[in-house]
Amino acid sequence: MCERPKLTYFKGRGRGESIRWLFAAAGVEFDEDFLESRESYEKLIKDGDLLFQQVPLVEMDGMKLVQTKAIQRYIAGKHNLYGKDLKEQVLIDMYVEGADDLMLLIIPLGFLPPDRKST
């Protein structure tokens, strides 16, 4: 029996949410380890688990995967969700990249001071 994948991320949606969606779409049950302190994050770095000192981290198939898009492509490819050929894969990548560009515009809005937010 295969070990369940484990997602390590902060307790929130952020970059971990698309990975959760992909596991759900693939019908894969997974465990989550929420980073609730700076010390737990620093331990991952000290132990060499974070190649670029960033989360999310997914542990599966004997690997420690980092970088959101690389994780997404691996999960999608493993579970036949990444298109049947190169043309479908590039279309999927275009939508993913477009959604990321949109998020780069939206995310900062949540951090604006109240006097700069419009209703």
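Located above this text is the structure these notes cover.
Residues numbered from 1 in each chain as written. Predicted model: local features only at pLDDT ≥ 70, side-chain atom pairs only at ≥ 80, totals over all residues. Heavy atoms only, no water.

> Got a minute to help me understand the overall build of the protein chain in this structure?
Looking only at helices and strands, the protein chain has four helices and four strands in total. Going residue by residue from the N terminus, the α and β elements of the protein chain occur as β-α-β-α-β-β-α-α. Counting only C-alpha atoms, the protein chain reaches 55 × 40 × 25 Å along its principal axes. Counting contacts in the protein chain only where the partners sit at least 6 residues apart, residues at least 24 apart contribute 47% of the total. Side chains of the protein chain carry 17 positive and 20 negative charges; the gap between the two charge centres is 2 Å. (Helix = DSSP H or I, 4+ residues; strand = E, 2+ residues; numbered from the N terminus. Contact = heavy atoms within 4.5 Å. Lys, Arg positive; Asp, Glu negative; His and termini not counted. Charge placed at Lys NZ, Arg CZ, Asp CG, Glu CD.)

> In this structure, what is going on with helix α3 (residues 68-78)? I would like to understand it.
One turn of an α-helix holds 3.6 residues; hence residues three or four places apart share an orientation. Listed as buried for α3 are Thr-68, Ile-71, Gln-72, Ile-75 and Ala-76. Angular distribution of buried residues about the axis of α3 spans 125°; they occupy a single face of the element. Those residues of α3 that are buried lie in contact with α1 (17-26), β3 (57-60), β4 (63-66) and α4 (86-106). Where α3 terminates, the next one or two residues include Asn-80, which has phi positive at roughly 55°. (Buried < 20%, exposed > 50% of the residue type's maximum accessible area, 1.4 Å probe, protein only. Arc of directions from axis to C-beta.)

> It is not clear to me how the nonpolar core should be interpreted in this structure. Could you clarify?
Across soluble globular proteins, you tend to see nonpolar side chains buried next to one another. Core analysis: the largest hydrophobic core is formed by 21 residues, its most contacted members being Ile-19, Phe-23, Leu-50, Val-58 and Ile-75. Listed by contribution, the elements that provide at least two residues to this core are β1 (6-10), α1, α2 (38-46), β3, β4 and α3. When residues no more than four places from it in sequence are discounted, the contact partners of Phe-23 are Pro-5, Val-28, Phe-30, Val-58, Met-60 and Ile-75. (Core = buried A, V, L, I, M, F, W, Y, C linked by side-chain atoms within 4.5 Å.)

> Before we go on, may I ask you to explain unusual backbone geometry in this structure?
Apart from glycine, the bulk of residues carry a negative phi angle, and the bulk of peptide bonds sit in the trans form. Cis peptide bonds are those with omega within 30 degrees of zero, and the linkage from Val-55 to Pro-56 qualifies with 15°. Relative to the assigned elements, Pro-56 resides in the loop between α2 and β3. The backbone phi angle of Gln-67 is positive, close to 75°, even though this residue is not glycine. Inspection of the secondary structure puts Gln-67 in the loop between β4 and α3. Positive phi, normally seen in glycine, also occurs at Asn-80, with a value near 55°. Structurally, Asn-80 can be placed in the loop between α3 and α4.

> Explain the pattern of salt bridges here, please?
Following the criterion strictly, the structure yields 13 salt bridges and no others. Note that Arg-20 and Glu-32 form a salt bridge whose closest N and O atoms lie 2.8 Å from each other. On the criterion of sequence distance, the pair formed by Arg-20 in helix α1 and Glu-32 in strand β2 (residues 31-35) is long-range, its members being 12 residues apart. With relative accessibility at 12%, the residue Arg-20 sits in the buried group. (Salt bridge = Lys/Arg side-chain N within 4 Å of Asp/Glu carboxyl O.)

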